[in-house]
Amino acid sequence: MTQGEYSLVGDVGGTNARFALVERGSVELCAIETLACDDYANLDDALSCYLDKRGVDGVREACLAVASPVRGTRVQMTNNLWRFDIEEIRTQFGWQTFKVINDFMAMALGVLHVPEGKLVHVCGGPGDRRRPRLVMGPGTGLGASALVPVRSGWTALTTEGGHVDFAPRDDTEMAILRILQARFGRVSVERILCGQGLLNLYQAHAAIQKVSAPLDAPEKITAAALERNDPLACQTLQHFCELLGRTAGDAVLTLGSSGGVYLCGGILPRITDFFLASRFRRGFEDKGRMRPILEFTPVHLVAEPYTGLLGAAEALGNPEI
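Residues numbered from 1 in each chain as written. Predicted model: local features only at pLDDT ≥ 70, side-chain atom pairs only at ≥ 80, totals over all residues. Heavy atoms only, no water.

*Asks:* An account of the overall build of the protein chain is needed here, citing residue identities and associated values.
*Replies:* Helix and strand counts for the protein chain stand at eleven helices and 13 strands. By the compact-globule yardstick of 20 Å for 321 residues, the protein chain fits well, its C-alpha radius of gyration being 20 Å. Referenced to the eigenvectors of the C-alpha coordinate spread, the extents of the protein chain come out at roughly 60 × 45 × 35 Å. Residues counted as buried form 53% of the 321 residues belonging to the protein chain. For the protein chain, contacts bridging at least 24 residues in sequence account for 67% of all contacts bridging at least 6. If you sum the accessible surface of the protein chain, you get close to 14500 Å²; carbon and sulfur atoms cover 48% of it. Charged side chains in the protein chain number 32 positive and 37 negative. The centres of these two groups are separated by 7 Å. (Helix = DSSP H or I, 4+ residues; strand = E, 2+ residues; numbered from the N terminus. Rg over C-alpha atoms; globule rule 2.2 N^0.38 Å. Buried < 20%, exposed > 50% of the residue type's maximum accessible area, 1.4 Å probe, protein only. Contact = heavy atoms within 4.5 Å. Areas by Shrake-Rupley, 256 points an atom, 1.4 Å probe, with all protein chains shown as cover. Lys, Arg positive; Asp, Glu negative; His and termini not counted. Charge placed at Lys NZ, Arg CZ, Asp CG, Glu CD.)

And the structure:
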């Protein structure tokens, strides 16, 4: 592959870095590869490994979606130790253009290119396609963005909506809040609604019930819940889904996003059947006088694993981003 034929896109999270190539002006992905962030000292090492492995002599432009706020040229990843300077990376690799955007802004832009067959209906009515659309999902962290209609189509918001306060609603959740406050101080919903958050929630429920918490990783909790052989794991995952519903419902009311909700991230596609039968819908619609708005709003689970890469490709060709 020679320089200038392809552009580089990436979706860099707390756990994995996904890279792909696209022909200039296209969002069709090729040479997709997923690298574990822990295997590389920093972003430039991972980029070099990918480009060398794919035999790419060079590219002229690149766009990376990162799980971090993006302000100025310095980027510090939120859920891993990578940090880099945008201009230094651009110079190091000889790129003419290098865009860096928030990962859930990319998720939102990518949703525009996800085929209907990769959308699983969860709940809700027809919605209003002229209204904003919420894009949210738990993975290594909890990401949130929105698609907002503009004259030329859609634009995506950069938000840190996963870091809003956790709002307990009963005595058990007040106890969970106190337990997590002792560990973290301020408790955001991301302290619960992500991979590590699932483990935090499991351990908090165990402490409240005064039972042992032998499972020490989120994937073990989800596996035990899916097998239906561990009451604590099942209770925890049910509560996780309900809290996600409540959080998504709050965001719909805040953004006026009755155009739809698109749930992304690495966790939900692994527990699809459990999730569809969970208390997510109850949490999502339980908004008192505003309940009709939530019942009207369609919710879909996005089953396309490379939505963030599609969004990075979309952003690369968008002169407004």
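Picking up where we left off.
*Asks:* Before we move on, could you go through the layout of surface pockets and cite the residues and values that matter?
*Replies:* There is about 1000 Å³ of room inside the largest pocket. What lines the largest pocket is a set of 48 residues, among which P138, G139, T140, G265 and G266 lie closest to the centre. Looking at the lining of the largest pocket, the elements that each hand over two or more residues are β2 (16–23), α3 (103–111), β9 (133–138), β10 (142–150), α5 (195–209) and α6 (218–227). The biggest single contributor to the lining of the largest pocket is α6, with four residues. Broken down by class, the residue content of the lining of the largest pocket amounts to 17 nonpolar, 23 polar and eight charged. (1 Å grid on protein atoms, 1.4 Å probe; cavity = no way out; pocket = protein on both sides within 12 Å on 5 of 7 lines; lining within 4 Å. Points joined across faces, edges and corners; volume = space filled by probe spheres on them. Nonpolar A, V, L, I, M, F, W, Y, C, P; charged D, E, K, R; others polar.)

*Asks:* Would you mind going over helix α4 (residues 171–184) in detail, with residue names and values included?
*Replies:* Owing to its 3.6 residues per turn, the α-helix aligns residues three or four sequence positions apart on the same side. Given a rise of 1.5 Å per residue, 14 residues ought to cover 20 Å, and the 20 Å separating the end C-alpha atoms of α4 matches this to within 8%. Here α4 has its buried residues at E173, A175, I176, L177 and L180. Residues of α4 that are buried in the fold lie against α5 and α7 (231–255). Between a side-chain oxygen at the N-terminus of α4 and the backbone nitrogen of T172 the separation is 3.2 Å; the capping residue is D170. (Expected span 1.5 Å × (residues − 1). Polar contact = N/O pair within 3.5 Å; in protein donor to acceptor, adjacent residues only side chain to side chain.)

*Asks:* I'd love a proper account of the packing of aromatic side chains, names of residues and values included.
*Replies:* To describe a pair of aromatic rings, one takes the distance between the centres and the angle between the planes. Applying the stated criterion across every chain, the model contains five aromatic pairs. For the ring pair F275 and F280, a centre distance of 5.0 Å and an interplane angle of 55° mean the geometry is tilted. The same class applies to F275 as to F280, namely buried. Seen from their ring centres, F280 and F284 are 5.7 Å apart, and the 15° between their planes marks the pair as stacked. Remark: F284 and F280 occur in helix α9 (residues 280–285); sequence separation between them is four residues, near one turn of the helix. Judged by relative accessible area, which is 1%, F280 ranks as buried. Its relative accessible area of 0% is what places F284 among the buried residues. (Phe/Tyr/Trp six-rings, centres within 6.5 Å; stacked < 30°, edge-to-face > 60°.)

*Asks:* Can you break down the environment of V135 residue by residue, with the values?
*Replies:* Residue placement: V135 occurs in strand β9. Given the relative accessible area of 0%, V135 is considered buried. For the pair V135 and A206, spaced 71 residues apart in sequence, the C-alpha to C-alpha distance is 31 Å.

*Asks:* Requested: an account of the nonpolar core, with residues and values cited.
*Replies:* One recurring pattern in soluble globular proteins: nonpolar side chains tend to sit buried together. Counting residues in each nonpolar core, the largest one holds 47 residues, and the members touching the most others are F275, F280 and F284. When sequence neighbours within four positions are dropped, the list of residues in contact with F284 reads C123, G245, R246, A248, G249, V252, V261, L294, T297 and V299. Grouped together as the second largest cluster of nonpolar side chains are 30 residues, V12, A31, V75 and F93 included. (Core = buried A, V, L, I, M, F, W, Y, C linked by side-chain atoms within 4.5 Å.)

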